[in-house]
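Secondary and tertiary structure notes
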Amino acid sequence: MIGGALWGAAILPGLVTLPAHATRSPVTHRVVMEQFAFSPTVLHIRAGDSVEWLNRDLVPHTATHSDQRWQTEPLNRGEQVTITFETPGTETYGCRFHTAMQAQIIVDGP
Amino acid sequence: MNLKSTLLAAGIALLMVTPACAADKMNDLEIAHTAYTAGALDIRYAHLALALSDNDSVREFAETMVRDHGAVNDAALALLASLKASPQDNPLSQALVKGAAEKRTELSGLRGKALNCAYATNELGYHQLVNKTVEKDFIPNVTVPELKSLLKDALATFKVHQGHAEHMVMGLKCG
C-alpha cells in the first residue's frame, strides 16, 4: 500500500496532489516483551499507527506510560494488546511490575 | 540482623543437603519438585510480608513475588501435566520447607523496620541461594529438554528478582 502510493507519486510528479495522510495507511507495529525487556526499546511510528505488545516471558508484564496516561492490562505469556497513538510526541513507558523494563515510542506527525 | 547472618541462616538448610543431593544426582522429578517448592515458599513469605508490612517497597516486591512465582509455578504444573509426570519429594525440598517454616516464625514476631529488613535480606539471600542451585546444579543435570528450558526461563526471572531485592535492601537502609 505504501509502496504503491509512492510509486504513483513518482510517476506523476506535480500532476497529482494528495493530502499527506492519504498516501499512507495506519500501520500496526509489534513490541515484544522478552527476557525482561521491550524490543525494540525505541520505536518510531506515525500518528494514527498502532502498537501491539506481545509478552513472551513466563511472568506477566504491562506497558504503562511514565505518567500513567495510558497502560495495558497485565499480559500473561502469549497474550497481546494493541493501542493506537493519534498524537505526535514521545511516549516513555515501562512495565509496572518490573521497573527496570523501560522503552519509548516516538510518534511523528501523520 | 545483618545481611551476612541472614544469608547464613537462610543458607544452612540448603548447604547441609545440596552436596549430598548433587552427589546423588537428583532426577528430573525431584528437581521439578524442589524448584516448585522454592517458588511456593517464596509466595508464602510474600503473603506474610503483605499481611504485616506497611512499607511500599516491601509490599511492591511481595506482590511481584506472588505474581511472578505463581506464573512460573503454573507453567511448571502445566508442563508436568503435559508430560504426565508427578514431581517427587526429596531431602532438599524437605529442608527448604523446614527452613522456611522457621524463618516465617521469626518474621511473624517482627514489626516495622525490623520486619522489613528481615524480609528483604531473607529475600536477597534466598534468591541468591536458589539461583545458584538452579544454575549450577539443576539446569546442568536435568534431562528433559522442556524442563531445562523452563528452568532457564525461571532463572532469568529469579535473577531479576535478586536484583530487585538488592535495591530493596539498599533502599531500606538496613545497615
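Every chain is numbered on its own, with residues counted from 1 as its sequence reads. Naming scheme: in the order in which they are written, chains are lettered from A and ligands are numbered from 1. For a predicted model such as this one, the threshold for reporting local features is a pLDDT of at least 70, and the threshold for listing and counting side-chain atom pairs is 80 or more; totals across whole chains, interfaces and linings nevertheless cover every residue. Only hydrogens and water are set aside when side-chain values are computed; all heavy atoms of the structure are taken into account.

As a further point, take the interface of chain B and chain A. In this complex, chain B contributes 13 residues to the contact, which on the side of chain A involves nine residues. Put simply, buried area is how much 1.4 Å-probe accessible surface two parts lose in total, over both of them, once they are put together. Taken over both partners, the interface formed by chain B and chain A buries close to 960 Å², and the fraction arising from carbon and sulfur atoms is 65%. It is B:Arg67, B:Asp153 and B:Val160 in chain B that bury the most area against chain A; as a group they hold 41% of the surface buried on that side. In what follows, salt bridge is the name for a side-chain nitrogen of Lys or Arg lying within 4 Å of a carboxyl oxygen of Asp or Glu. Remark: the boundary between chain B and chain A carries one salt bridge. Only heavy atoms enter the contact rule, under which two residues are in contact if any of them lie within 4.5 Å.

Moving on: the sheet that holds strand β5 (residues 64–65) of chain A. Residues and elements named next belong to chain A. Spatially, four strands are ordered β3-β8-β7-β5 in an open sheet, and the strand pairing comes out mixed. A single partner strand is all that each edge strand has here, and the edge strands are β3 (42–46) and β5. Here the rule is simple: two strands pair whenever DSSP picks up at least two bridges between them. Only DSSP runs of H or I reaching four residues or more are called helices, and only runs of E reaching two or more are called strands; each is numbered from the N terminus. Bridge analysis of β3 against strand β8 (residues 102–108) gives five bridges, and the strand direction is parallel. Within β8, the residue paired with Leu43 across the bridge is Ile105.

Another point: the confidence of the model for chain B. The predicted coordinates of low-pLDDT regions are not to be read in fine detail. Residue and element names in this part refer to chain B. Scored from 0 to 100, pLDDT reflects the predictor's confidence in each residue. Within chain B, residue pLDDT values average 90, and 86% of them lie at 70 or more. At the level of individual helices and strands, chain B shows its lowest average pLDDT in helix α1 (residues 3–24), which scores 45, and its highest in helix α2 (residues 28–52), which scores 98. Scored below 50 in pLDDT, residues 1–13 makes 15 contacts in the model with residues more than four places away or belonging to other chains. Scored below 50 in pLDDT, residues 19–23 makes four contacts in the model with residues more than four places away or belonging to other chains.

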